[in-house]
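# Structural overview
Chain by chain, the residues:
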Amino acid sequence: VGSEMCIRDRGCKTNIYESESMAELFRESGYEIITDDNAPADVCVVNTCTVTGMGARKSRQQIRRAKRQNPNALIAVTGCFSQTSPEEVRELGADIIIGNKGRSKIVELVKAAEQGKKADIVDNILTEHEYEELPVTHTQSRVRANIKIEDGCNNFCTYCIVPYVRGRERSRKPQDIIREIEKLVADGVVEVMLLGQNVNSYGKNLDTPVTFAQLLQEVEKIEGLERIRFMTSHPKDLSDELIEVMKNSDKICRHLHLPLQSGSTKILKAMNRRYTKEQYLELAAKIRREIPDISLTTDIMVGFPGETAEDVDDTIDVIRKVGFDNAFTFIYSCLLYTSDA
């Protein structure tokens, strides 16, 4: 083909993983991948985010920037922002729009668009569908790699758009996960990060159900792999089995990211988190008791509708009692799909 193409992404580690996957599809088809963000390309894929208002705004800016850099470039937009706002993405100048299903067809669609046939694939993400396998080479790092083990979420927290842009939970087959890690280890990778919107619920929808703890035990058997990390864990699904596996593992890092969001039971109920302040504290105490050298990190949101000073005091109380090693704090974001410069 000989065309030059670039991929630009916004958002989470899962987006980075999927961008690497799409880059490999283009590489296999003869495209040259440009990694310089300032260099124009014949084809530009923008992998977008819309989890927060800021993510959506930066996604719009990225699409505009790609168009400015090369007005004649073919622009393909995929990801969460294109899933929610395909009409706006089209107005921003996209030639191809793909939501969060159909990325495996991106090269086929680009080649068709190069012949003047533009196309959209933005299906109803909430309908039942299987996990979409994509090739990955992880060229960005020689020793660390992200591994996507599931997609979607069934929790429907009231502040979160993820289930509506990524759909219901779909678990990847464990043999495919193991095969990918083995390939990476053979190429020199020694540490993997297992990714999912809620890794603790991994495997429930497989034909032969597998727990996340069981998957970790299989990953641990891979010779040459030295360290295993994972994110993100939902407190309501964190099992005693997982704690036990972490406790007895020589490869799973002593770190657990366990989002709190709020220390107020009233606010947690409004958020549809399905645990109380007391249940979170009990879980954190159990983890520290079983794994004394564990590093606990968390996410905390402030300004949720209805939150009072007393609710904030409850959150501070949990912070003091748990003693988190780090916390990612966010102001509640009311996502508005408005155009901005």
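Worth saying up front: this structure is predicted, and the values here are computed from it rather than measured.

The rules behind these values
Residues numbered from 1 in each chain as written. Predicted model: local features only at pLDDT ≥ 70, side-chain atom pairs only at ≥ 80, totals over all residues. Heavy atoms only, no water. Helix = DSSP H or I, 4+ residues; strand = E, 2+ residues; numbered from the N terminus. Rg over C-alpha atoms; globule rule 2.2 N^0.38 Å. Buried < 20%, exposed > 50% of the residue type's maximum accessible area, 1.4 Å probe, protein only. Contact = heavy atoms within 4.5 Å. Lys, Arg positive; Asp, Glu negative; His and termini not counted. Charge placed at Lys NZ, Arg CZ, Asp CG, Glu CD. Expected span 1.5 Å × (residues − 1). Salt bridge = Lys/Arg side-chain N within 4 Å of Asp/Glu carboxyl O. Pairing = 2+ DSSP bridges. Axes fitted to C-alpha atoms, helices over the stretch in contact; angles between N-to-C directions. Polar contact = N/O pair within 3.5 Å; in protein donor to acceptor, adjacent residues only side chain to side chain. Phe/Tyr/Trp six-rings, centres within 6.5 Å; stacked < 30°, edge-to-face > 60°. Arc of directions from axis to C-beta. Core = buried A, V, L, I, M, F, W, Y, C linked by side-chain atoms within 4.5 Å.

### Focus on the overall build of the chain
Scanning the chain from terminus to terminus reveals 12 helices and 14 strands. Whereas a compact globule of 341 residues would reach a radius of gyration of roughly 20 Å, the chain reaches 21 Å, a difference of no more than 12%. With the C-alpha coordinates aligned to their principal axes, the bounding extent of the chain is approximately 60 × 50 × 35 Å. Looking at the chain as a whole, 53% of its 341 residues are labelled buried. Here the analysis covers contacts within the chain between residues at least 6 apart in sequence; of these, 74% occur between residues at least 24 apart. Measuring between centres, the 46 positive side-chain charges of the chain sit 3 Å from its 53 negative side-chain charges.

### Some remarks on helix α7 (residues 174-186)
Because each turn of an α-helix spans 3.6 residues, side chains separated by three or four positions in sequence point in the same direction. For α7, which comprises 13 residues, the first-to-last C-alpha distance of 18 Å matches the rise-based estimate of 18 Å (1.5 Å per residue) to within 8%. Buried within α7 are the following residues: Pro174, Asp176, Ile177, Ile178, Glu180, Ile181, Leu184 and Val185. Where the residues of α7 are buried, they touch α1 (13-28), β7 (144-148), β10 (191-195) and α8 (212-220). Count one or two residues on from α7 and you reach glycine 188, which has phi positive near 110°.

### Quick word on the pattern of salt bridges
Counted under the stated rule, the structure contains 27 salt bridges. The salt bridge partner of arginine 103 is glutamate 18, with a shortest N-O separation of 3.3 Å. Here arginine 103 is found in the loop between β5 (96-98) and α5 (106-114), whereas its partner glutamate 18 is found in helix α1, with 85 residues between them in sequence. You'll find arginine 103 and glutamate 18 in the same group, each marked buried. In this structure, arginine 172 engages glutamate 133 in a salt bridge whose closest nitrogen and oxygen atoms are separated by 2.7 Å. One end of the pair, arginine 172, is in the loop between β9 (170-171) and α7; the other, glutamate 133, is in the loop between β6 (119-121) and β7, and 39 residues separate them in sequence. Three or more residues joined by partner-sharing salt bridges are found here, namely Glu18, Arg103, Lys148, Asp151, Arg166 and Arg170.

### Focus on the sheet that holds β5
Backbone hydrogen bonds hold the strands of a sheet together, and the pairing may be parallel or antiparallel. Spatially, β2-β1-β3-β4-β5-β6 is the arrangement adopted by the 6 strands of the open sheet, whose pairing is parallel. Two strands lie at the open edges of the sheet, namely β2 (32-33) and β6, each paired on one side alone. One ladder, built from 3 bridges, connects β5 with β6; its direction is parallel. Bridge pairing links isoleucine 97 to aspartate 120 in β6. Helix α2 (residues 53-69) contacts β1 (4-9), β3 (43-48) and β4 (74-79) of the sheet and is inclined by roughly 175° relative to β3.

### Brief notes about the side chain of threonine 14
Locating threonine 14 in the fold gives a position in helix α1. Exposure remark for threonine 14: the relative accessible area of 6% places this residue in the buried category. The residues contacting threonine 14, other than those within four sequence positions of it, are Lys148, Arg166, Leu195 and Gln197.

### Topic: the environment of asparagine 272
Among the structural elements, asparagine 272 can be located in the loop between α10 (265-271) and α11 (277-290). For the pair asparagine 272 and cysteine 157, spaced 115 residues apart in sequence, the C-alpha to C-alpha distance is 5.0 Å. Setting aside residues up to four positions removed in sequence, asparagine 272 forms contacts with Asn155, Phe156, Cys157 and Thr158. Polar contacts involving the side chain of asparagine 272 include one to the main-chain carbonyl oxygen of phenylalanine 156, which spans 3.1 Å.

### Some details on the packing of aromatic side chains
This model, assessed by the stated rule, comprises 7 aromatic pairs. Ring geometry for phenylalanine 156 versus tyrosine 164: centroids 5.3 Å apart, planes at 80°, classification edge-to-face. Both rings, one in phenylalanine 212 and one in phenylalanine 230, keep their centres 5.0 Å apart while their planes meet at 80°; by these two values the pair is edge-to-face. With a gap of 18 residues between them, phenylalanine 212 in helix α8 and phenylalanine 230 in strand β11 (residues 227-231) connect regions that are remote in the sequence. With respect to class, phenylalanine 212 is no different from phenylalanine 230; both count as buried.

### Re the sheet that holds strand β12 (residues 255-257)
As summarised here, the arrangement of the 3 strands in space is β12-β13-β14, forming an open sheet in which the pairing is parallel. Lying at the two open borders of the sheet, with one neighbouring strand each, are β12 and β14 (326-331). In this sheet, adjacent strand axes meet at a mean angle of 15° when their direction is disregarded. The pairing of β12 with strand β13 (residues 295-302) spans 3 bridges and is parallel. Looking at β13, one finds that histidine 257 is bridged to threonine 297.

### Describing α5
Listing the buried residues of α5 in full gives Ile106, Val107, Leu109, Val110 and Ala113. Down the axis of α5, the buried set is contained in an arc of 160°. They therefore lie on one face. In this structure, the buried side of α5 is in contact with α1, β3, β4, β5 and β6. Backbone geometry just downstream of α5 places glycine 116 in the positive-phi region, at approximately 95°.

### Remarks on the nonpolar core
With 47 residues, the main nonpolar core has Ile149, Ile181, Leu194, Phe212, Leu216, Phe230 and Ile287 as its most contacted residues. Dropping the residues within four chain positions of it, leucine 194 is found in contact with Ile147, Ile149, Ile181, Val199, Phe212, Leu216, Ile228, Arg229, Phe230 and Met231. In terms of nonpolar packing, the next biggest core, distinct from the first, is built from 20 residues, Met22, Phe26, Tyr31 and Leu109 among them.

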